[in-house]
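Chains, contacts and geometry: an overview
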Amino acid sequence: MLKPLGDRVVLKIEEKEATVGGFVLAKSAQEETKTATVVATGQGVRTLSGELVAPSVKAGDHVLVEAHAGIDVKDGDEKYLIVGEASILAIVEE
């Protein structure tokens, strides 16, 4: 399993194909954000005074992330995205 460092977050992207009237939209026509599930978080980032600021998200959270953010990685057969916490736009509450 991947253990991110600092303020980085490991995400599992939820792959969904957007459709309009039964037609599948091209990737370029789909939304500019991705929906993902947080798999793991780093310990946080240190302030100038040395305080540790924990991440705002936790494992299991569903989030919106910028479309072109992060680095794609593979761990076994699973594909993940590693992003900085600043690339996460919102937590999706159900």
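Just above sits the structure.
Residues numbered from 1 in each chain as written. Predicted model: local features only at pLDDT ≥ 70, side-chain atom pairs only at ≥ 80, totals over all residues. Heavy atoms only, no water.

Concerning the overall build of the protein
Tallying secondary structure elements over the protein gives zero helices and ten strands in all. Beginning at the N terminus, the succession of helices and strands in the protein can be written as β-β-β-β-β-β-β-β-β-β. Looking at the 94 residues of the protein, the share that counts as buried comes to 27%. Of the contacts formed within the protein by residues at least 6 apart in sequence, a portion of 63% connects residues at least 24 apart. Element-wise, carbon and sulfur atoms account for 54% of the exposed surface of the protein, whose accessible area totals about 6600 Å². (Helix = DSSP H or I, 4+ residues; strand = E, 2+ residues; numbered from the N terminus. Buried < 20%, exposed > 50% of the residue type's maximum accessible area, 1.4 Å probe, protein only. Contact = heavy atoms within 4.5 Å. Areas by Shrake-Rupley, 256 points an atom, 1.4 Å probe, with all protein chains shown as cover.)

Describing the pattern of salt bridges
Applying the stated criterion across every chain yields a total of two salt bridges. Among the ionic pairs, Lys12 bridges to Glu78, the shortest N-O distance being 2.8 Å. Taken together, the residues span a long stretch of sequence, with Lys12 in strand E1 (residues 8-13) and Glu78 in strand E9 (residues 78-84) at a distance of 66 residues. Overall, Glu78 belongs to the partly exposed group, its relative accessible area being 35%. The shortest N-O distance in the salt bridge between Lys58 and Asp61 comes to 3.1 Å. By relative accessible area, which is 54% here, Lys58 ends up exposed. (Salt bridge = Lys/Arg side-chain N within 4 Å of Asp/Glu carboxyl O.)

What about the pairing of strand E8 (residues 71-75)?
Judged by how many residues are buried, E8 sits mostly at the surface: zero of five residues are covered. Between the end of E8 and the start of E9, which pair antiparallel, lie two residues, with Gly76 showing a positive phi angle near 70°. (Pairing = 2+ DSSP bridges.)

Description of the nonpolar core
Val9, Leu11, Ile13, Ala36, Val38, Val57, Val63, Val65, Ala69, Leu81, Val83 and Ile88 together form the largest nonpolar core, which totals twelve residues. Elements that contribute at least two residues to this core include exactly E1, strand E4 (33-41), strand E7 (62-66) and E9. Here the element with the most residues in this core is E1; it accounts for three residues. Among residues more than four places away in sequence, those in contact with Leu11 are Ala36, Thr37, Val38, Val39, Val63, Val65, Tyr80, Leu81 and Val83. (Core = buried A, V, L, I, M, F, W, Y, C linked by side-chain atoms within 4.5 Å.)

Notes on the side chain of Ser87
Tracing the backbone shows Ser87 in the loop between E9 and strand E10 (88-92). The buried category is assigned to Ser87, whose relative accessible area is 17%. Apart from residues lying up to four places away in sequence, Ser87 is in contact with Leu64, Val65, Glu66 and Ala69.

All quantities given are derived from atomic positions and should not be read as evidence of function.
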